[in-house]
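Below are the chains, spelled out letter by letter.
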Amino acid sequence: MLSFDFHSPTEQLDLPPFRDKQIRVDVKRDDMIHPFISGNKWRKLKYILESAVTARKTHLVTFGGAWSNHLVATACAGAKFGFKTTAFVRGDEVANPVLSLCRVFGMTLIFAARSAYRDKSALFNTYFGGDEQAYFVDEGGYSTLGAEGCREIIGELGETYDHIFCACGTGTTLAGLHMEKRSKKLQTALHGVPVLAGGDFLKEAVSRLCRPIPADDVSLHTDYHFGGYAKSNETLTTFIRWFCASTGILIEPVYTGKLFYAVFDLANSGYFQPGDKILVIHTGGITGLLGMHARLFTS
Ligand SMILES: *Cc1c(COP(=O)(O)O)cnc(C)c1O
């Protein structure tokens, strides 16, 4: 229905640790889908926007933190497909390059105190309860429709993998992969790398989207959050700089840096079998670098 379709390419990472361990590691370049409706954000929005069109809604109302990739993606997709967009931004009013991008794409921003932000339906109803045009899109695109879009990642692959890895915020991407794995009866092991501390909550978050069968066959690697959401340290930034300089693929410290660090760490510690084929999904999110370039790229 929405005229934008792009199958991201897959490329092999031919790097020493993988050669030494005789494993093959490919990257699904979802970061190439679009510069601002990046990676899994497009996959998650695709069916959400289609359902908004079907319901004859013209105004997307969504939620996120001040550095949210989801807000930029929603703002840009709204502009592209003719929706008005509004976002409730968590916390006190701030200015930053991500929020500027949102405004450039025509999004209206409403800053909400953390206490009010917690009850998203109440916020929506207070402001837009009487607005027939307004369509609620949950934070990060967390929804079954969002997961449906992420299922398509697997359908685009030219081969089957022993392991597939993705970074996890809300768990929607992992839920989509799980739904597709189940329906195709694949043997592939699915792995999530939570970027928040206490990532075990994701088991339930994923299960909620994957009804009726609980997602009991995904592995969560909960020790790679580096202190919590958007937290990082010297080890992580050193790794990211080495990775970018060795591959020509840009990753960032909030999501994909932690994801690739985890895959390298697991490979080095002998987690995989020789001959294993591993796919790592680059979920995009490069706009996250706008706030960190000083720390990451000046030496
Ligand atoms: C939002 C985001 C994620 C988190 O995806 P979920 O489906 O919410 O788990 C992962 N990677 C990047 C780059 C993101 O922007």
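Our structure's up above, just so we're on the same page.
Sequence order sets the numbering: in each chain, residues are counted from 1 along the sequence as written. For a predicted model such as this one, the threshold for reporting local features is a pLDDT of at least 70, and the threshold for listing and counting side-chain atom pairs is 80 or more; totals across whole chains, interfaces and linings nevertheless cover every residue. Hydrogens are left out, water is left out, and the side-chain values use all remaining heavy atoms of the structure.

A. Molecular detail of the sheet that holds strand β1 (residues 10-12). If you trace the 6 strands from one edge of the open sheet to the other, you get β1-β2-β10-β7-β8-β9, paired in mixed fashion. Each edge of the open sheet carries a strand with a single partner, namely β1 and β9 (218-220). Taking each pair of neighbouring strands and ignoring which way they run, the sheet shows an average axis angle of 25°. Both β1 and strand β2 (residues 24-29) contribute to a ladder of 3 bridges, which runs antiparallel. Along β2, the bridge assignment pairs T10 with K28. In the packing of helix α11 (residues 256-268) onto the sheet, the strands contacted are β2, β7 (163-168), β8 (189-194) and β10 (277-282), and the crossing angle to β10 comes to about 165°. At least two DSSP bridges between two strands are required for those strands to pair. For the purposes of this entry, the term helix denotes a DSSP run of H or I that reaches at least four residues, the term strand denotes a run of E that reaches at least two, and both are numbered from the N terminus. Lines fitted to C-alpha atoms define the axes, with helix axes restricted to the stretch in contact, and inter-axis angles between N-to-C directions lie between 0 and 180 degrees. Any pair of residues with heavy atoms lying within 4.5 Å of one another is described as a contacting pair.

B. Broad picture of the side chain of T86. Locating T86 in the fold gives a position in strand β4 (residues 84-90). Beyond its immediate sequence surroundings of up to four residues, T86 is in contact with H59, L60, V61, T62, M107, T108, I110 and F128.

C. Structural context of the pattern of salt bridges. Each salt bridge in this description consists of a side-chain nitrogen of Lys or Arg and a carboxyl oxygen of Asp or Glu lying within 4 Å of one another. This structure, assessed with the given rule, holds 17 salt bridges. Residues R43 and E156 are paired through a salt bridge, measuring 3.0 Å at the closest nitrogen-oxygen approach. Residue R43 is found in helix α2 (residues 40-54), and its partner E156 is found in the loop between α7 (144-155) and β7; the two are separated by 113 residues along the sequence. The classification of residues rests on relative accessible area computed with a 1.4 Å probe and restricted to protein chains. Under 20% of the type maximum is buried, over 50% is exposed, and intermediate values are partly exposed. For R43, a relative accessible area of 4% corresponds to the buried category. In this structure, D217 engages K181 in a salt bridge whose closest nitrogen and oxygen atoms are separated by 3.0 Å.

D. Quick peek at the site of the ligand. Throughout, near means a residue has at least one heavy atom within 4 Å of the molecule or strand. Lining the immediate environment of the ligand, one finds 15 residues, of which K41, G169, T170, T173 and T283 sit closest. Within 3.5 Å is the distance limit for a polar contact, defined as a pair of N or O atoms, with the added protein rule that one can donate a hydrogen and the other accept it, and that residues adjacent in sequence qualify only through two side-chain atoms. Between the ligand and the protein, one listed contact pairs an oxygen atom with a side-chain N or O atom of N40 at 2.9 Å. Within the backbone of G169, one N or O atom sits 2.8 Å away from an oxygen atom of the ligand. Taking 390 Å² as the accessible area of the ligand by itself, protein coverage stands at 98%. Of all the secondary-structure elements, those providing two or more residues to the shell around the ligand are α2, β7 and α8 (172-184). When residues are grouped by polarity, Ala, Val, Leu, Ile, Met, Phe, Trp, Tyr, Cys and Pro land in nonpolar, Asp, Glu, Lys and Arg in charged, and all others, Gly among them, in polar. Broken down by class, the residue content of the shell around the ligand amounts to 3 nonpolar, 10 polar and 2 charged. Here the accessible surface of atoms and residues is derived via Shrake-Rupley with a 1.4 Å probe, and residues count as covered only by protein chains that are part of the display.

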